[in-house]
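For reference, the chains in residue letters:
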Amino acid sequence: MDREALEKRKKIVYEFICDDLYVPMKAKEIAMILQVSKEQREELHAVLDALLEEGKVELTQKGKYVKASGRFLTGVYTGNSRGFGFVTVEGEEEDIYIPEENTNGAMHMDTVTVAVNPQKTGKRREGRIIKIISRGLHQIVGTYQSSKNFGFVVPDNQKLAQDIFIPIERSKGAVDGHKVVVEITDYGKNGKKPEGKIVEILGHINDPGTDILSIVRGFDLPTEFAPKIMKQVENVAKEVSEADMAGREDLRDWQMVTIDGEDSKDLDDAVSLTMDGENYILGVHIADVSNYVQEHSALDVEALNRGTSVYLVDRVIPMLPHALSNGICSLNAGENRLALSCIMTINPSKVIDHKIAESVVKIDRRMTYTAVKEILEDHNEETIAAYRELVPMFEKMGELAALLRGNRMKRGSIDFDFPETKILLDKNGRPLEIKPYDRNTATKLIEDFMLIANETVAQEFFWQEIPFLYRTHETPDEEKIRKLATLIGNFGYTLHISQEEIHPKELQKLLGKIEGTPEEALISRLTLRSMKQAKYTTENTGHFGLAASCYCHFTSPIRRYPDLQIHRIIKETLRGRMNHKRMAHYETILPEVAKHSSETERRADEAERETEKLKKAQYMAEHIGEVYEGVISGVASYGMYVELPNTVEGLVHVTSLTDDYYQYFEDTFELVGEVTNRHYKLGQKVYIRVIGVDEIVRTIDFELAEATGTGEMKNGKRID
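Residues numbered from 1 in each chain as written. Predicted model: local features only at pLDDT ≥ 70, side-chain atom pairs only at ≥ 80, totals over all residues. Heavy atoms only, no water.

> Explanation requested: the packing of aromatic side chains in the structure shown.
Ring pairs (aromatic) are described by centroid distance and by the angle formed between their planes. Counting across every chain of the model gives 11 aromatic pairs. Relative to Tyr22, the ring of Phe16 has its centre 5.2 Å away and its plane inclined at 75°; by these criteria the two rings are edge-to-face. Note on Phe16: relative accessible area 18%, which makes it buried. Following the ring pairs from residue to residue traces out a cluster consisting of Phe461, Phe462, Trp463, Phe468 and Tyr470. One residue, Arg471, lies across the ring of Tyr536, its end atom 4.6 Å from the ring centre. (Phe/Tyr/Trp six-rings, centres within 6.5 Å; stacked < 30°, edge-to-face > 60°. Buried < 20%, exposed > 50% of the residue type's maximum accessible area, 1.4 Å probe, protein only. Lys NZ or Arg CZ within 6 Å of the ring centre and 35° of its normal.)

> Help me out: how do you make sense of the layout of surface pockets in this one?
Leftover empty space is mapped by rolling, across the atoms, a probe with the size of a water molecule. Roughly 850 Å³ of internal volume is contained in the second largest pocket. Lining the second largest pocket are 32 residues, with Asp417, Pro419, Thr517, Glu520 and Ala521 sitting closest to its centre. Looking at the lining of the second largest pocket, the elements with two or more residues in it are α11 (391-411), α14 (504-514), α15 (520-529) and β26 (627-636). A per-class count over the lining of the second largest pocket returns 13 nonpolar, 7 polar and 12 charged. (1 Å grid on protein atoms, 1.4 Å probe; cavity = no way out; pocket = protein on both sides within 12 Å on 5 of 7 lines; lining within 4 Å. Points joined across faces, edges and corners; volume = space filled by probe spheres on them. Helix = DSSP H or I, 4+ residues; strand = E, 2+ residues; numbered from the N terminus. Nonpolar A, V, L, I, M, F, W, Y, C, P; charged D, E, K, R; others polar.)

> How should the pairing of strand β29 (residues 662-665) be read in this particular structure?
Along any regular strand the residues' side chains alternate between the sheet's two faces. Summarising the sheet, β29 and strand β30 (residues 670-673) pair through 4 bridges and their orientation is antiparallel. By the bridge assignment for β30, Gln663 is matched with Val672. Counted between consecutive antiparallel strands, the loop separating β29 from β30 contains 4 residues, among which Phe669 sits at a positive phi close to 50°. (Pairing = 2+ DSSP bridges.)

> Explain the sheet that holds strand β31 (residues 679-681) here, please?
Taking strand neighbours across the sheet as the criterion, the 3 strands line up as β29-β30-β31 in an open arrangement whose pairing is antiparallel. Only two strands of the sheet have a single neighbouring strand rather than two, namely β29 and β31. Taken over all neighbouring pairs, the strand axes of this sheet differ in orientation by 20° on average, direction set aside. As paired strands, β30 and β31 are joined by 3 bridges and run antiparallel to one another. (Axes fitted to C-alpha atoms, helices over the stretch in contact; angles between N-to-C directions.)

> It is not clear to me how the side chain of Asn454 should be interpreted in this structure. Could you clarify?
Its place among the elements puts Asn454 in helix α12 (residues 441-463). Among the polar contacts listed, one links the side chain of Asn454 to the side chain of Tyr551, at a separation of 3.1 Å. What Asn454 contacts, discounting residues up to four positions off in sequence, is Tyr551, Cys552, His553, Phe554 and Thr555. (Polar contact = N/O pair within 3.5 Å; in protein donor to acceptor, adjacent residues only side chain to side chain. Contact = heavy atoms within 4.5 Å.)

> How should the pattern of salt bridges be read in this particular structure?
Between side chains of opposite charge, a pair can form as their charged atoms come close. Applying the stated criterion across every chain yields a total of 45 salt bridges. The residue Glu622 makes a salt bridge to Arg430 at a minimum N-O spacing of 3.9 Å. Residue Glu622 is found in the loop between α17 (580-621) and β26, and its partner Arg430 is found in the loop between β22 (420-425) and β23 (431-437); the two are separated by 192 residues along the sequence. The class for Glu622 is exposed, based on a relative accessible area of 55%. The class for Arg430 is partly exposed, based on a relative accessible area of 31%. For Glu695, the salt bridge is made with Arg430, and the minimal N-O distance between the two is 3.6 Å. Taken together, the residues span a long stretch of sequence, with Glu695 in the loop between β32 (685-694) and β33 (699-704) and Arg430 in the loop between β22 and β23 at a distance of 265 residues. (Salt bridge = Lys/Arg side-chain N within 4 Å of Asp/Glu carboxyl O.)

> Looking at this structure, I do not really get the nonpolar core. What am I missing?
Generally speaking, a soluble globular protein has its nonpolar side chains buried in company with each other. Within the largest apolar cluster, 86 residues are counted, with the highest numbers of intra-cluster contacts made by Ile259, Met367, Phe394 and Phe449. A total of 10 residues in this core trace back to one element, the largest contributor, which is α12. If we skip the residues at most four places from it in the chain, Phe394 touches Val257, Ile259, Met367, Val372, Ile375 and Leu376. In this structure, Leu487, Tyr493, Val635 and Leu682 belong to the second largest nonpolar core, which totals 43 residues. (Core = buried A, V, L, I, M, F, W, Y, C linked by side-chain atoms within 4.5 Å.)

> Hey, could you run me through helix α16 (residues 561-574) in this one?
When the terminal C-alpha atoms of α16 are compared, their 20 Å separation across 14 residues agrees well with the 20 Å that a helix rising 1.5 Å per residue should span. Most of α16 is tucked away: 13 of the 14 residues are buried. Where α16 terminates, the next one or two residues include Gly576, which has phi positive at roughly 75°. (Expected span 1.5 Å × (residues − 1).)

Scope: geometric values only; no functional claims are made or implied.
Quick look at the structure:
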């Protein structure tokens, strides 16, 4: 039976089963009613099997065919190491839980059709996968383990529940402990393991750098640039000529600086500030990367594919080759550079005027966050003397940043002040030290200036009704906010939730109340988790977290593709070329750019998180048996998570709490001993001992410990 005949017969049989007069029947009865001859019964069974596989019909316990009661949705499957998984459907608020017996051979990242059970059996919707539309993973990274006549690869990705079987002739000579890339040749089904062949050996698990390289390959992050791209870079990465500067605003005599981290090499933003009476004239000058990366060029296609630069613990995977990102596109001090400038006139309460222009700039000094902090916060006399001619500008910048931040706070902008993790490695890539990397006056100053520039640019193009890429952040789900309200009620805090929706000011007030309290970090994290993720969109729906009606990413075109795309739109508009044809062009391409940029951002975030988790596990492996003071950061039925002052988090498993039987109370997020009535709850300080680390799954195990000795604590660790 050919494909066309099968589809035609499926339609006839399905319509018959869907008829209002139909009563459940066995295949034999259906054959009789539809007058299917005995010779064609086998073909009827093939049609019924196809309808079953697609989930359109179901079999009753008595073997009768009925129309499926479930609802069919298409989504992406996320696996779990324990065999079950979830399907995420675009536009649906809640994932669909898939029990292990209903995965139907689906693997992590597969696009699948799922039949949703009409009744909820637990906390969330449940379903079964009825069809795998396309496979999401064709290669995986893992650790090779050899046997006598074959081998298998244990995937690094914990969302892949099965090992990959490797025939010995397809092992490429790999030995025990090799990190490898495997191409899947057979996805397996009905108890049969997936099968594959090794296409690349990354190195031994103990070789320096192999651990991070495995994560890079596991997230399919492109690392090398093709020769034709590098050739293109050679051609464009030339010094700025007089012809390049023609027609641009010449701002080279403006007092102007870059302010970045000590290690930064891709300097894509500079700032300037002068006064006009009581008004501040703030200039945010951004490297004109679009001058060197032409639309549709090989360089542009590669930048779009990468979407973003990825900052891992021991390396940066750039969106653009270093010859551009660290060279002609970097606003290096003393060099003529092409820029896009957003020059804003700001009175103490708002931006009252602005101008966006193509410019040429020359940076006076390359400043670091440390130096600016020493000037504004520490009042370090030596640093002030070293930058004396710039100090008055920095002092005015400090004033303006405080005003901008105050204005944002008034309207309800939410400021999460989480310490980032700073991990110092030795020459072999092993972690020497882990410490929190806090924001300071200087980092906040640049943040404030970039935020106001991004808002100003977004508003300009929103009101011009030109196709654009916005950075949007939707209002949180009411249910999640209500859960948060219940949770913080245990700490004595309240949230005012109106009938319509929550205002960001309510969450901002909450963060203000908890500032400086022991539970600050914890409630901040819970608040963040209750909010939606920001993303790139072509429709301007506002930014909830910033309480902004319009927002975009304009300030980092070296490391983010959306910024580069926005620069092109700005320049075409400034040059009077944004006609109907060009607007139609952008309306066509921008939805896919927004979607892809959001996806590559998520991928980069996950890869960065995984490298941090790995290095934290390696670090704690050197501190087994040591006692630390920490704070309970999460509680579940299986135990509690404890976070140390150095940002490392580990699990105290409930089975290690041997002094009592502990029950988990979900409404208050605490474990309570039945006999002792001892409570362990969020935000509580405890002492823990490090008892185990699993570098492969990147987990750390703690047990509760008594505070020992009388020594002082250093980074949460007792020094006796």
